[in-house]
Amino acid sequence: MAAFEYEALDAAGKRTKGLLSADSEAAARKELRRRRLAPLSVARASERSESGVLKALVKPKGLSEEDLTGVTRQLATLIDAGMPIEEAVGLIGGQADKAPVERVLMGVREKVTEGERLSEAMAAYPDSFPGVYRAMVAAGEGAGGLGRVLDRLAEYLEKAGALKRRVGAALIYPGVLGAVALLVVCVLLVAIVPKIAEQFDTMNMTLPLLTRVMITLSNGLQASWPVLLL
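Given the structure is predicted, the values throughout are model-derived calculations rather than measurements.

Engineer: Can you break down the overall build of the protein residue by residue, with the values?
Structural biologist: Counting secondary structure elements, the protein contains 10 helices and 3 strands. Counting helices and strands in the order they occur from the N terminus, the protein gives β-β-α-β-α-α-α-α-α-α-α-α-α. Compactness check: the protein gives a C-alpha radius of gyration of 29 Å against a globular reference of 17 Å for 230 residues, more than 25% above the reference. Overall size of the protein, expressed as C-alpha extent along the three principal axes, is 90 × 50 × 30 Å. Residue burial in the protein is summarised as follows: out of 230 residues, 32% are buried. Summarising the internal contacts of the protein: among those between residues at least 6 apart in sequence, 51% fall at separations of at least 24. Within the structure as shown, the protein displays about 14,600 Å² of accessible surface, and the carbon and sulfur contribution to it stands at 61%. A distance of 3 Å separates the average location of the 29 positive side-chain charges in the protein from that of its 27 negative side-chain charges.

Below is the structure:
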């Protein structure tokens, strides 16, 4: 069964969009009418996402790192339990809360149904499944241990995500501290240094190099702060 994106009107005349699985476009329209929806447009998800005009205007969203981690973990669990790949991908896609996840997985399921291997089906969505990821899936398929490979991939993605979150949290404090320090320096250069420089204007003396640099920076910042702000 293929995945079809549709736009239809419900009984109240409200436009609704979604994704459904059907054997053909006619079957998809029939299913929409069974759901009491008036179809406005129905197209294969793969064809719509690969349309040249649409792709040039709006690039379809793929799976985020968090989505990929969740999908990988679910696939590993279902395939280890003995569920066929096609059914596992379709089940996860059908239960997805996010439209991009549902669209990608239904597209992968369609290609697997047509006889392609899982890694080959994923290659149609390089923005969702990185090359290294697909290579490991292909290795698992070749060795007959796809479930174990997906389980290891899920563990790696979970650890990488946790590390990224810890690094991000650790950088918050120095980032805030650096921003405050920069703000303090800018205030000093704009508000304090000019007043001090006025006192040196009446003195017939050569100022130290560091003092001259500070005054030059202050004058430059006062003259160009609108540009720097932009």
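Still more to cover.
Engineer: Pulling in residues and values, what's your account of the pattern of salt bridges?
Structural biologist: All chains considered together, the criterion is met by 8 salt bridges. Linking Lys164 and Glu65 is a salt bridge whose minimum nitrogen-to-oxygen distance equals 2.8 Å. Here Lys164 is found in helix H9 (residues 146–201), whereas its partner Glu65 is found in helix H4 (residues 65–80), with 99 residues between them in sequence. Ionic pairing is found between Lys98 and Asp67, a salt bridge with its closest N-O pair at 3.1 Å. Here the residue Lys98 occupies a position in the loop between helix H5 (85–94) and helix H6 (99–113), and Asp67 occupies one in helix H4, the gap between them amounting to 31 residues.

Engineer: Account for the packing of aromatic side chains, with residues named and values stated.
Structural biologist: A full pass over the atoms with the stated rule returns 1 aromatic pair. Pairing Phe129 with Tyr133 gives two aromatic rings, centres 5.8 Å apart and planes at 35°, and the pair type is tilted. By relative accessible area, Phe129 is classed as buried at 1%.

Engineer: So what's going on with a nonpolar patch on the surface? Residues and values would help.
Structural biologist: On the surface, Ile172, Val176, Val180, Val184, Leu188, Ile192 and Ile196 cluster together into a nonpolar patch covering about 590 Å² of accessible area. Relative to the elements of secondary structure, Ile172 occurs in helix H9. Overall, the relative accessible area of 53% leaves Ile172 in the exposed class.

Engineer: If you had to explain the nonpolar core to someone new, which residues and values would you point to?
Structural biologist: Nonpolar side chains in soluble globular proteins tend to end up buried together. One finds Leu75, Val108, Leu118, Phe129, Tyr133, Val137 and Leu150 to be the most contacted residues of the largest nonpolar core, which totals 28 residues. Elements with a minimum of two residues in this core: H4, H5, H6, helix H7 (118–122), helix H8 (131–143) and H9. If you tally residues by element for this core, the top one is H4, at 6 residues. Excluding its chain neighbours within four sequence positions, the residues that come into contact with Val137 are Leu118, Ser119, Met122, Leu146, Val149, Leu150 and Leu153. Tyr6, Ala8, Ala22 and Val42 belong to the second largest nonpolar core, which has 9 residues in total.

Engineer: Hey, could you go over the packing of H4 against H5 for me, with residue numbers and the actual values?
Structural biologist: Where H4 contacts H5, the two axes come as close as 10 Å, and the packing angle between them is 140°. Between H4 and H5, the interaxial angle falls into the category oblique. Judged by the twist between their axes, the crossing of H4 over H5 is right-handed. Across from Val71, Gln74, Leu75, Leu78 and Ile79 in H4, the residues of H5 making contact are Ile85, Ala88, Val89, Leu91 and Ile92. Residue classes in the contact of H4 with H5 are distributed as 9 nonpolar, 1 polar and no charged.

Conventions used here
- Residues numbered from 1 in each chain as written.
- Predicted model: local features only at pLDDT ≥ 70, side-chain atom pairs only at ≥ 80, totals over all residues.
- Heavy atoms only, no water.
- Helix = DSSP H or I, 4+ residues; strand = E, 2+ residues; numbered from the N terminus.
- Rg over C-alpha atoms; globule rule 2.2 N^0.38 Å.
- Buried < 20%, exposed > 50% of the residue type's maximum accessible area, 1.4 Å probe, protein only.
- Contact = heavy atoms within 4.5 Å.
- Areas by Shrake-Rupley, 256 points an atom, 1.4 Å probe, with all protein chains shown as cover.
- Lys, Arg positive; Asp, Glu negative; His and termini not counted.
- Charge placed at Lys NZ, Arg CZ, Asp CG, Glu CD.
- Salt bridge = Lys/Arg side-chain N within 4 Å of Asp/Glu carboxyl O.
- Phe/Tyr/Trp six-rings, centres within 6.5 Å; stacked < 30°, edge-to-face > 60°.
- Patch = residues over 30% accessible without salt bridge, like charges linked within 9 Å, V, L, I, M, F, W, Y side chains within 5 Å.
- Core = buried A, V, L, I, M, F, W, Y, C linked by side-chain atoms within 4.5 Å.
- Axes fitted to C-alpha atoms, helices over the stretch in contact; angles between N-to-C directions.
- Parallel < 35°, antiparallel > 145°, perpendicular 65-115°, else oblique.
- Left-handed = near helix turned anticlockwise from the far one by under 90°.
- Nonpolar A, V, L, I, M, F, W, Y, C, P; charged D, E, K, R; others polar.

By themselves, these observations are geometric and do not establish any function.
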